[in-house]
Amino acid sequence: MKKIILSALCLLLAPLIYAQDLHGSWATVESNDDGVQVEHTLTFTNGFFSEAIFEKANGKFVGTNGGSYASNSETIDFLYEFSTQNPELVGETKSKSYSINNDNLELGEMTWVQIDDGTPGDLFGAWLISGRKRDGKIVQRDTSGPRKTMKILSGTRFQWIAYNTETKEFMGTGGGTYTTIDGKYTENIGFFSRDDSRVGASLQFKYELKDGDWHHSGLSSKGKPIYEVWSKRKD
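Definitions and cut-offs
Residues numbered from 1 in each chain as written. Predicted model: local features only at pLDDT ≥ 70, side-chain atom pairs only at ≥ 80, totals over all residues. Heavy atoms only, no water. pLDDT = per-residue confidence, 0-100. Contact = heavy atoms within 4.5 Å. Pairing = 2+ DSSP bridges. Helix = DSSP H or I, 4+ residues; strand = E, 2+ residues; numbered from the N terminus. Axes fitted to C-alpha atoms, helices over the stretch in contact; angles between N-to-C directions. Salt bridge = Lys/Arg side-chain N within 4 Å of Asp/Glu carboxyl O. Buried < 20%, exposed > 50% of the residue type's maximum accessible area, 1.4 Å probe, protein only. Phe/Tyr/Trp six-rings, centres within 6.5 Å; stacked < 30°, edge-to-face > 60°.

Undergrad: How should the confidence of the model for the protein be read in this particular structure?
TA: When pLDDT drops low, the exact placement of atoms in the prediction is not to be read closely. Overall, the predicted model of the protein reaches an average pLDDT of 91, with 91% of residues at or above 70. pLDDT under 50 marks residues 1-20. Its contacts with residues more than four places away, or in other chains, come to four contacts.

Structural data, given as structure tokens:
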């Protein structure tokens, strides 16, 4: 009887184990038609994903796509919310087979190397901007509409994306590596769709988790004071 119960538990837990193994960031590099090395960074966090594509040498932005996903032990179903290279994908679900072996992710026709497994990840997850401080007060923002600003973080990588699921419009993205040390959140910009000259810059902010929300304050890339509130994405 014990063996039967254990076997049943293993079957029930198997999909969860695979899903947990996906968590974190993965990278692969390929050469384009001009022989330029292009890096792809893929991040999975609790049902949401993003892929950033940029030239490895200089961070020149190439493209991005992402949204939500569901997985079992053999396939991942990707539901696209944004795609700069193929906007017609928005709203569509595509299934891809995958396997994980020795920290390598075989996904579709690509092999990805694991960058991190979601740790240390004080801010691991997908977040939607839900408020800004104006005149000393937090002004709430509805996160249920089609226009979204999402930030997705693994253990060491981050990416923000502004987009509209209804119009399939893409407004911008940026990302790179980050750290969270002693209440300081530091972004090291590895790519930025709006301004390649920002690649290589580091920005430091204060951060605090209050009732599950991420309070983010400091100076923007343009030197303007900001105070933002981000809420963990659930659906």
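That shown, we press on.
Undergrad: Just to check I follow, could you spell out the sheet that holds strand 6 (residues 93-101) for this structure?
TA: Within a sheet, neighbouring strands are paired by backbone hydrogen bonds and run either parallel or antiparallel to one another. Strand order in the closed barrel made by the eight strands is 1-2-3-4-5-6-7-8, with antiparallel pairing throughout. Going from strand to strand, the sheet's axes swing by 35° on average, the running direction of each strand aside. In terms of strand pairing, strand 5 (residues 75-83) meets strand 6 through five bridges, oriented antiparallel. Within strand 6, the position partnered with leucine 79 by the bridge is threonine 93.

Undergrad: Just to check I follow, could you spell out the pattern of salt bridges for this structure?
TA: Opposite charge on two side chains permits them to pair, given that their charged atoms come into close proximity. The full count for this structure, using the stated rule, is four salt bridges. Linking arginine 233 and glutamate 81 is a salt bridge whose minimum nitrogen-to-oxygen distance equals 2.6 Å. Pair noted here: arginine 233 is in the segment after strand 17 (225-232) and glutamate 81 is in strand 5, with a separation of 152 residues, a long-range link. Of the two residues examined, arginine 233 and glutamate 81, each falls in the buried class. Ionic pairing is found between lysine 151 and glutamate 187, a salt bridge with its closest N-O pair at 3.0 Å. With lysine 151 in strand 11 (residues 147-153) and glutamate 187 in strand 14 (residues 184-192), this residue pair connects regions lying 36 residues apart in the sequence. Residue lysine 151 shares its accessibility class with glutamate 187, and that shared class is buried.

Undergrad: Could you clarify how one ought to interpret the environment of isoleucine 138 in this entry?
TA: Mapped onto the fold, isoleucine 138 is located in strand 10 (residues 137-140). Spatially, the C-alpha atom of isoleucine 138 lies 30 Å from that of glycine 190, the residues being 52 residues apart in sequence. Excluding its chain neighbours within four sequence positions, the residues that come into contact with isoleucine 138 are Arg132, Lys133, Tyr227 and Val229.

Undergrad: Would you mind showing me how to read the pairing of strand 9 (residues 125-134) here?
TA: Successive residues of a regular strand alternate their side chains across the two faces of the sheet. Among the ten residues in strand 9, seven count as buried, and that is most of the element. Sheet topology note: the strand 9/strand 11 ladder contains four bridges and is antiparallel. By the bridge assignment for strand 11, tryptophan 127 is matched with lysine 151. With five bridges connecting them, strand 9 and strand 17 associate as antiparallel partners. Of the residues in strand 17, the one forming a bridge with glycine 131 is valine 229. Between strand 9 and the antiparallel strand that follows it, strand 10, lie two residues; aspartate 135 among them carries a positive phi value of about 50°.

Undergrad: Help me understand the packing of aromatic side chains, please; the structure alone is not making it clear to me.
TA: Aromatic rings in a pair are described by how distant their centres are and how their planes are angled relative to each other. With the rule as written, the count across this model stands at 15 aromatic pairs. A centroid spacing of 4.8 Å and a plane angle of 45° characterise the contact between phenylalanine 82 and tyrosine 163, whose relative ring orientation is tilted. A residue pair is termed long-range when its members are at least 10 positions apart, and phenylalanine 82 in strand 5 and tyrosine 163 in strand 12 (residues 157-164) qualify at 81 residues. Members of the aromatic cluster, joined through ring pairs, are Trp127, Tyr178, Tyr185, Phe205, Trp214 and Trp230.

Undergrad: Please clarify how the side chain of threonine 41 should be interpreted in this entry.
TA: Tracing the backbone through its elements, the reader meets threonine 41 in strand 2 (residues 37-45). Look past the residues within four positions of threonine 41 in its chain and what remains in contact with it is Ser25, Trp26, Ser50, Glu51, Ala52, Phe54, Trp112, Ile115 and Arg157.

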